[in-house]
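# Report on the structure
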Amino acid sequence: MRVVEAGNTYFTNRPDGSTEAVRTALCNVRELLRLVGFSNKTTNAGLGRDNTTDSLENSNKHQAVDTLVSVRSRMRKIALDKAPREQVSKDLLELCDELRDSMLDHGVEIMDSKSGESDGWRPCLPKSEKKETMQSNNNNNEEQQVDLHTVPLEDLFKV
C-alpha cells in the first residue's frame, strides 16, 4: 500500500512529473499481487485486452451458443413429433441432462432442482481445464517431495 500512496503523493506534488517512476511502481504492485495469488485478470486491470484472449473468449461464447441452438432445435423436434407424452417427457429430460453436461465445457454449471422450477447456474472451471488440473495434480503427487527453500517465492503462491 505504501507504494501506491507514494505514487499518489508523487502525482499530487508533481503534476507534470515523469510517469516512468509511477509505471515502475505499478509494475511492482502488480507483481506483488500476482505473488500472493491474484489472477492475471485482476493484476492486469487497465492494461488493455489481449487479442488472443478475446478470440478465445469469443470462440467459447460461440460454441456455447451453438450448443444452445442445437439443443433448442432438438427440443422443438421432440415436441413436434407425435410420440406418446411419456416418451416426449423422457426425451426432453435426457436432452436437458445432455445440455447441463455440455455446458460444463463452457464454464457453466447448471444445477437441477427437484421440482424443475428453480434451477440455477454458476460459473465453474471448464471441464477440459478441470481434467488437466486434476491430471497435473495427480502427476505432482507422484513426484518426489521438494525442499520448499529451493522453490522461487513466486512459485509458492501460484493458484
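The secondary structure content of the protein chain amounts to seven helices and two strands. Listed by position from the N terminus, the elements making up the protein chain come as α-α-α-α-α-β-β-α-α. In the protein chain, which comprises 159 residues, the proportion classed as buried is 12%. For the protein chain, long-range pairs separated by at least 24 residues make up 29% of all intrachain contacts whose partners lie at least 6 apart in sequence.

According to the stated counting rule, one finds seven salt bridges in the structure shown. Between D112 and R100 there is a salt bridge whose closest N-O contact spans 2.4 Å. Here D112, found in the loop between β1 (108-111) and β2 (120-123), pairs with R100, found in helix α5 (residues 85-103); they are 12 residues apart in sequence, far enough to count as distant. Through salt bridges with shared partners, one network takes in D97, R100, D101 and D112.

Next up on the list: the environment of T42. With respect to the helices and strands, T42 occurs in helix α3 (residues 40-43). Spatially, the C-alpha atom of T42 lies 8.8 Å from that of R30, the residues being 12 residues apart in sequence.

Our focus in this paragraph is the nonpolar core. If you look at the biggest cluster of nonpolar residues, it comprises eight residues: A64, V71, I78, V88, L95, L99, M103 and V108. For this core, the secondary structure elements donating two or more residues are α4 (51-80) and α5. With four residues, the top contributor of residues to this core is α5. What I78 contacts, discounting residues up to four positions off in sequence, is V88, D91, L92 and L95.

Turning our attention to the side chain of T43. Mapped onto the elements, T43 comes out in helix α3. Not counting residues up to four positions away in its chain, the partners in contact with T43 are R30, L33, R34 and F38.

Helix length check: α5, at 19 residues, gives a terminal C-alpha distance of 27 Å against a target of 27 Å (1.5 Å per residue), a fit within 8%. For α5, the set of buried residues is V88, L95, L99 and M103. The buried residues of α5 occupy an angular sector of 65° when projected down its axis, which confines them to one face. For α5, the exposed residues lying more than 90 degrees away from the buried face are E86 and L93.

A word on the environment of L125. You can see L125 is positioned in the loop between β2 and α6 (127-142). Given the relative accessible area of 36%, L125 is considered partly exposed. Sequence separation of L125 and E109 is 16 residues, and the distance between their C-alpha atoms is 8.9 Å.

Mean pLDDT for the protein chain: 75, with 70% of residues reaching 70 or above. Per-element mean pLDDT across the protein chain ranges from 55 in α6 up to 87 in α5.

Reading the values: the criteria
Residues numbered from 1 in each chain as written. Predicted model: local features only at pLDDT ≥ 70, side-chain atom pairs only at ≥ 80, totals over all residues. Heavy atoms only, no water. Helix = DSSP H or I, 4+ residues; strand = E, 2+ residues; numbered from the N terminus. Buried < 20%, exposed > 50% of the residue type's maximum accessible area, 1.4 Å probe, protein only. Contact = heavy atoms within 4.5 Å. Salt bridge = Lys/Arg side-chain N within 4 Å of Asp/Glu carboxyl O. Core = buried A, V, L, I, M, F, W, Y, C linked by side-chain atoms within 4.5 Å. Expected span 1.5 Å × (residues − 1). Arc of directions from axis to C-beta. pLDDT = per-residue confidence, 0-100.

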